[in-house]
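For reference, the chains in residue letters:
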Amino acid sequence: MPRMNTAAGELFYTINEGPRDGPNLLLLHGAGGSRLHWPPQLRRMAGATVYTLDLPGHGRSSGSGCSTIECYARAVVAFIEAADADRAVVVGHSMGGAIAQTLALEHSDLVSALGLIATGARLRVAPAILESIRDDFSHAVALITRHAWGPEASESLLELGREALKDTGPDVLLGDFLACDRFDVMERLGEIEIPVLAICGTADELTPVKYARFLAQHIPDARLLTVEGAGHMVMLEQPREVGEAVREFVMVDR
Ligand code: COA
């Protein structure tokens, strides 16, 4: 697996090489996740060069994680520059979507479009989640798992999610959720001038459809896809539908 030495530490990623004149696609996972939170339909999308990153402190990347979205955004900027992947379509899930919005607002030259999956312009975190990560990590894993998946998600997917949270560990996980809790760009969405595709499952309990509607209503060039019955992990729960929507957005619509 390739790794990149950046100012933010050693970052691991996978790369799916596309045609030289094709678009760059960068996938950013959410809190407590890793590159494995993206299904093959996205990681191996034909026609694009796809970079799937482990954020600092996650998966196989070094570093200790961050407790602000700006800190993660700086790490991603360092990665984009080191990988020469500018003008990327950045697709972020949950916390990754907060990082993607920050890139569009603060580093618009590096980003050509956004996919905002199960995320919002403000991501307040329930105090019970923050407290459980501090006080009782196994309870936190159970609590987050209970709210992260839609009713039709299989036990094997839930187990994958639990393992990812345990691998992340309490310190990095707490930093991730604090970063989400502090994030708020609700007043700034009108400044995002690039095309945006927002996707949300109708059974998402962590970032409800209301958040995605708000994105679609306040970002000037945005469209919304709701995925019936899916929860917060919509891209793993309905990989074909989400993969096809993102592929069309990246390859056809723009
Ligand atoms: N987009 C649109 N509307 C949003 C929003 C977003 N991203 N974030 C908050 N709002 C709305 C809320 O729906 C609420 O509207 P209302 O007054 O009409 O009910 C209002 O803004 C204020 O909400 P919020 O800032 O979240 O504060 P709160 O004190 O009402 O609720 C929580 C705090 C933590 C209980 C609540 O945010 C929540 O249940 N969050 C989801 C669970 C969670 O922890 N998710 C993890 C995300 S990573």
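Structure: above.
Here the residue index of a chain counts from 1 through its sequence in written order. With the structure being a predicted model, the display of local features is reserved for residues of pLDDT at least 70 and the display and counting of side-chain atom pairs for 80 or more, all residues being used for whole-chain, interface and lining totals. Side-chain numbers here rest on the full set of heavy atoms in the structure, without hydrogens or water.

**A short note on the environment of E205**
Working step 1: Note on conventions: DSSP H or I runs of at least 4 residues are helices, E runs of at least 2 residues are strands, and numbering of each starts at the N terminus. One can find E205 in the loop between β7 (196–201) and α7 (209–218).
Working step 2: Residues E205 and V76, spaced 129 residues apart in sequence, show a C-alpha to C-alpha distance of 27 Å.
Working step 3: Residues are treated as being in contact if the distance between any of their heavy atoms lies within 4.5 Å. Every residue in contact with E205, bar those within four places of it in the chain, is listed here: R146 and H147.
Working step 4: Looking at E205, its side chain comes within polar contact range of the side chain of H147, at 2.7 Å. Definition of a polar contact: a pair of N or O atoms within 3.5 Å, with one able to donate and the other able to accept a hydrogen when the atoms are protein atoms, and with sequence-neighbouring residues admitted only if both atoms are side-chain atoms.

**Quick look at the state of the cysteines**
Working step 1: By definition, disulfides here are pairs of cysteine sulfur atoms that lie within 2.5 Å. As enumerated under the stated definition, the model contains 1 disulfide in all.
Working step 2: Unpaired in terms of disulfides, C200 finds its nearest cysteine sulfur in C180, a separation of 15 Å.
Working step 3: The exposure class assigned to C200 is buried, which follows from its relative accessible area of 1%. Exposure is judged per residue with a 1.4 Å probe applied to protein chains only, and the accessible area is read against the type maximum: over 50% gives exposed, under 20% gives buried, and values in between give partly exposed.

**Observations concerning the pairing of strand β2 (residues 9–16)**
Working step 1: One requirement defines pairing of two strands: DSSP has to find at least two bridges between them. Bridge count for strand β1 (residues 3–6) against β2 is 4 bridges, and the pairing is antiparallel. Within the sheet, the bridge partner assigned to N5 lies in β2 and is E10.
Working step 2: Relative to strand β4 (residues 49–53), β2 runs antiparallel, the two being bridged by 4 bridges. Considered in β4, the bridge of Y13 is made with L53.

**Thoughts on helix α4 (residues 127–135)**
Working step 1: Among the residues making up α4, those that are buried are I129, L130, S132 and I133. Angular distribution of buried residues about the axis of α4 spans 165°; they occupy a single face of the element. Structural note: α4 exposes P127, R134 and D135 on the side pointing more than 90 degrees away from its buried face.
Working step 2: Buried positions along α4 lie against α5 (137–148) and α6 (155–182). The directions considered for the arc run from the helix axis to the C-beta atoms.

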